[in-house]
Amino acid sequence: MNPRIKSMAEYEAAYQQSVEQPEQFWAAMAHEFTWKKKWDKTLSWNFNEFDVKWFEGGQLNITENCLDRHLETRGDQTAIIWEPNDPTHTVRTLTYRELHREVCKAANMLKAQGVQKGDRVCIYLPMVPEAAVIMLACARIGAIHSIVFAGFSAQSLTDRLTDAECKIVITADGAFRGAKAIGLKEIVDEALLTSPTVTRVVVLQHTMTPVTMVEGRDIWWHEAVSTCSDVCEATVMDAEDMLFILYTSGSTGKPKGVVHTTAGYMVWAWYTFNNVFQYDPGDIYWCTADVGWITGHSYIVYGPLLSGATTLMFEGVPTYPDAGRFWQVIDKHKVNIFYTAPTAIRSLMAQGDEFVYPYSLESLKTLGSVGEPINEEAWQWYFDNVGKGKCWIVDTWWQTETGGIMISPLAHITPTKPTFATLPLPGVQLMLVDANGNELEGNNVEGNLCVKFPWPGMLRTTYGDHERCRMNYFATYSNLYFTGDGCRRDYDGYYRIIGRVDDVINVSGHRMGTAEVENAINEHPHVIESAVVGFPHPIKGQGIYAYVICDHMPDHADQRKREILEVVSKQIGPIAKPDKIQFVAGLPKTRSGKIMRRILRKIAEGETGNLGDTSTLLDPSVVESIKNGALS
Ligand code: PRX
């Protein structure tokens, strides 16, 4: 079977087959890959206990499919183009052959440091090619990578290191972000004061920022690899062996480590990359995400490399040296497929069209969007000013847990409609349900988005706590995976994601749990309690609004706000800093002590009139005083 869909008729046929004969459908796709041993059973599953296995009994190594498989046919083709933060610095490129060598060396380096199959390796790196190299090096030897976005604080890093019991951290002296250099090693040093499982730190020299090397623990990457061979046999992995852990926020507690396994994830990343973007050999593909997020995993590294594509990695930010940077990079490297987030589009749109006009952008044919709902104005601006009215926009809906894209147009095939992610990919069986779990059938309905059948790229567990995983995703509605998103299916059967219906907020495409931010705020010694909600923000999509109770109303409110922002930065990272802080005397609580966030959300949205039923509140007068405080 040809995995690549070429028309709507082929999409419909593929979709139908994926529903009627899912095992045959995915088995045919999986046959495209190099296996050490073919699988015995394509799928076994049970959503209520949550046990899903794809390609059971199969053995393989994903890096053989990302690298070795391409050496004969495209060994000298560029695999990675690296564009540095500073446009005057030198671009780096790695061919498939060079990448293969680097990965083997790094894999041998990990082995020499005592890393074994099944060990967890934490990666805390800037957007440099070594980030991709070390991910693949882990996979080469069967170690499980856990990448932590290099914008997270020392405390967040500690939490993740401890939860996954990582043995080793791979970091750099620093990271460039626009005009700034951030000392990453320093952050790692602080995190390791309270991370007892880590015994080794490998440091990449990048910014040349001076660092302290701890004797017996810290080693330089360039020294450690210098003696390593560039030949490393790929470790044989079972299809369901863990490939990576990636922490993501939920509505309660600390972020959880979403676990993806080898074969299903591989098939999904590859299949979705090929079909959604319609990647043609020779295309230059650029995804602006960071490898610290799932988009970077699936659509900078694994999906493109599995497909033999040329993938561009960008170290910098969209506004440095000016707001034309993305467009300059597109012209410089003749990018054909560009994949970014609505928040970036909105912020660049706000800077003015004059930053786009100097660039021809004529190489572009496909534009992608991911991470949050794209509003109509941003969609249209992207289409007109970046795509010059001739590019397809693929609005791709998916999640860390889904491993890859679930709902999206296929570029140049699926008719698009602004703000709609359109149709599910083959293998994705969606269901909209009401609050009681009743299916909403037919079109023109709105409800909670669920998936009723396993797809190969789905998460398998959350690290160290399977029950939490089951409770989180499979206990809300019987026999369904619940996404946490609200969704509308319109008259044409097209899907439009409305946003989270749980206590997760999406700030600039970054997922954050309100409880997580509250816990961080509560670390301030004068804070008694807090409640966090999202509110509509013109650039970020959602902003963070925090209602805070202090031991007494602060005399210097601005000073206290600054302190709180500082605490949140330290606990989570700057991305979690509230946009607005309101000091309040009390919070609207029910008699059972539950905070009524619905009311807080409305006030944060600027609603002063109808706040709905407040009769169940313990003290309804609290609402008036919060409302008045919000106005002042
Ligand atoms: O609310 C949805 C939103 O992002 C959430 C998943 O976040 P995360 O796991 O960090 O993954 C982001 C990158 C895949 C979803 O539950 N989301 C993601 N893509 C879209 C979206 N909302 C609307 N439209 C999208 N295209």
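These numbers were taken from a predicted model, which means no experiment stands behind them.

### Observations regarding the pattern of salt bridges
Pairs can form between side chains of opposite charge once their charged atoms are near each other.
Consideration 1: Enumeration over the complete set of coordinates arrives at 35 salt bridges.
Consideration 2: Here E64 makes a salt bridge to K36, at a shortest N to O gap of 3.3 Å. Placement of E64 in helix α3 (residues 62-74) and of K36 in the loop between α2 (22-30) and β1 (41-46) is noted, with a sequence separation of 28 residues between them.
Consideration 3: Judged by relative accessible area, which is 37%, K36 ranks as partly exposed.

### Brief notes about the packing of helix α4 (residues 96-112) against helix α5 (residues 129-141)
Consideration 1: Packing of α4 against α5 brings their axes to within 8 Å, and their N-to-C directions diverge by 65 degrees. Seen from above, α4 lies across α5 with right-handed handedness. Each of L99, H100, E102, V103, C104, A106, A107, M109, L110 and K111 in α4 lies in contact with α5, whose residues at this interface are V133, I134, L136, A137, C138, R140 and I141.
Consideration 2: Split into classes, the residues belonging to the contact of α4 with α5 amount to 13 nonpolar, one polar and three charged.

### Quick word on the sheet that holds strand β23 (residues 461-462)
Consideration 1: Across the sheet, which stays open at both edges, the eight strands sit in the order β12-β11-β8-β6-β7-β14-β15-β23 with mixed pairing between neighbours. Unpaired on one side and paired on the other, β12 (218-220) and β23 mark the two borders of the sheet.
Consideration 2: Direction of pairing for strand β8 (residues 168-172) relative to strand β11 (residues 200-204): parallel, over a ladder of five bridges. Looking at the pairing, A172 lines up with L204 of β11.

### Points about the side chain of N274
Consideration 1: On the secondary structure map, N274 appears in helix α9 (residues 262-277).
Consideration 2: Residue N274 is classed as buried on the basis of its relative accessible area of 14%.
Consideration 3: A distance of 3.0 Å separates the side chain of N274 from the backbone oxygen of W270, its partner in a polar contact.
Consideration 4: Beyond its immediate chain neighbours, meaning those up to four positions away, N274 contacts R4, Y279 and S307.

### Thoughts on the domain arrangement of the protein
Consideration 1: By domain assignment, the protein separates into domain 1 (8-317 + 396-487) and domain 2 (508-631).
Consideration 2: One C-alpha centre belongs to domain 1, the other to domain 2, and the line joining them spans 34 Å.
Consideration 3: Listed per partner, the contact involves 20 residues of domain 1 and 13 residues of domain 2.
Consideration 4: The largest per-residue losses of area from domain 1 upon contact with domain 2 belong to S153, S249 and W293, which jointly make up 33% of the total buried on that side.
Consideration 5: The shortest N-O distance in the salt bridge between E401 and R511 comes to 2.7 Å.
Consideration 6: Applying the counting criterion to the domain 1 and domain 2 interface returns ten residue pairs in polar contact (both at pLDDT 80 or more).
Consideration 7: Across the side of domain 1 that touches domain 2, the residue classes break down as five nonpolar, twelve polar and three charged.

### Let's talk about the site of the ligand
Consideration 1: Near the ligand there are 17 residues, and of these D395, T396, T400, D485 and R511 occur at the shortest range.
Consideration 2: A distance of 2.8 Å separates a nitrogen atom of the ligand from a polar atom in the side chain of D395.
Consideration 3: In the environment of the ligand, a nitrogen atom lies 2.7 Å from a nitrogen or oxygen atom belonging to the backbone of T396.
Consideration 4: In the complex, 95% of the free accessible area of the ligand, which totals 540 Å², lies under the protein chains.
Consideration 5: Here the shell around the ligand is built from residues that sort into six nonpolar, six polar and five charged.

### So, the side chain of S298
Consideration 1: Looking at the element boundaries, S298 is found in helix α10 (residues 294-306).
Consideration 2: A polar contact is formed between the side chain of S298 and the backbone oxygen of G403, at a distance of 2.7 Å.

### Regarding the sheet that holds strand β17 (residues 310-314)
Consideration 1: As summarised here, the arrangement of the seven strands in space is β5-β4-β17-β16-β18-β19-β20, forming an open sheet in which the pairing is mixed. Across the chains shown, the open sheet's two edge strands, defined by having one partner strand only, are β5 (92-95) and β20 (392-396). Taken pair by pair, the neighbouring strands of this sheet meet at an average axis angle of 20 degrees, ignoring direction.
Consideration 2: In this structure, strand β18 (residues 337-340) lies alongside strand β19 (residues 366-370), joined through four bridges in parallel fashion. From the neighbouring strand, Y339 faces β19, where its bridge partner is G368.

### Let's talk about the pairing of strand β4 (residues 78-83)
Consideration 1: The element β4 is largely enclosed, with a buried count of five among its six residues.
Consideration 2: Note: β4 against β5, four bridges, orientation antiparallel. By the bridge assignment for β5, I80 is matched with L94.
Consideration 3: Inspection of the sheet shows β4 paired to β17 by four bridges, in the parallel sense. Paired with E83 across the two strands is F314, which belongs to β17.

### Looking at the packing of α3 against α10
Consideration 1: Two numbers describe how α3 lies on α10: the axes approach to 8 Å, and their chain directions differ by 55 degrees. Regarding the angle of α3 to α10, the classification is oblique. Where α3 crosses over α10, the handedness of that crossing is left-handed. Along its contact with α3, which presents I62, N65, C66, R69 and H70, the element α10 presents Y302, L305 and L306.

### Regarding the packing of aromatic side chains
Consideration 1: Within the structure shown, the criterion is met by 45 aromatic pairs.
Consideration 2: Measuring from centroid to centroid gives 4.9 Å for W45 and F47, while their planes differ by 75 degrees, and the two rings are edge-to-face.
Consideration 3: W45 gets classed as partly exposed once you look at its relative accessible area, which sits at 34%.
Consideration 4: Accessibility expressed as a relative area gives 0% for F47, which makes it buried.
Consideration 5: Measuring from centroid to centroid gives 5.5 Å for F326 and F338, while their planes differ by 75 degrees, and the two rings are edge-to-face. Placement of F326 in helix α11 (residues 325-333) and of F338 in strand β18 is noted, with a sequence separation of twelve residues between them.

Parameters and conventions
Residues numbered from 1 in each chain as written. Predicted model: local features only at pLDDT ≥ 70, side-chain atom pairs only at ≥ 80, totals over all residues. Heavy atoms only, no water. Salt bridge = Lys/Arg side-chain N within 4 Å of Asp/Glu carboxyl O. Helix = DSSP H or I, 4+ residues; strand = E, 2+ residues; numbered from the N terminus. Buried < 20%, exposed > 50% of the residue type's maximum accessible area, 1.4 Å probe, protein only. Axes fitted to C-alpha atoms, helices over the stretch in contact; angles between N-to-C directions. Left-handed = near helix turned anticlockwise from the far one by under 90°. Contact = heavy atoms within 4.5 Å. Nonpolar A, V, L, I, M, F, W, Y, C, P; charged D, E, K, R; others polar. Pairing = 2+ DSSP bridges. Polar contact = N/O pair within 3.5 Å; in protein donor to acceptor, adjacent residues only side chain to side chain. Domains from an automatic or database assignment. Buried area = accessible area lost by both parts, 1.4 Å probe. Near = heavy atom within 4 Å. Areas by Shrake-Rupley, 256 points an atom, 1.4 Å probe, with all protein chains shown as cover. Parallel < 35°, antiparallel > 145°, perpendicular 65-115°, else oblique. Phe/Tyr/Trp six-rings, centres within 6.5 Å; stacked < 30°, edge-to-face > 60°.

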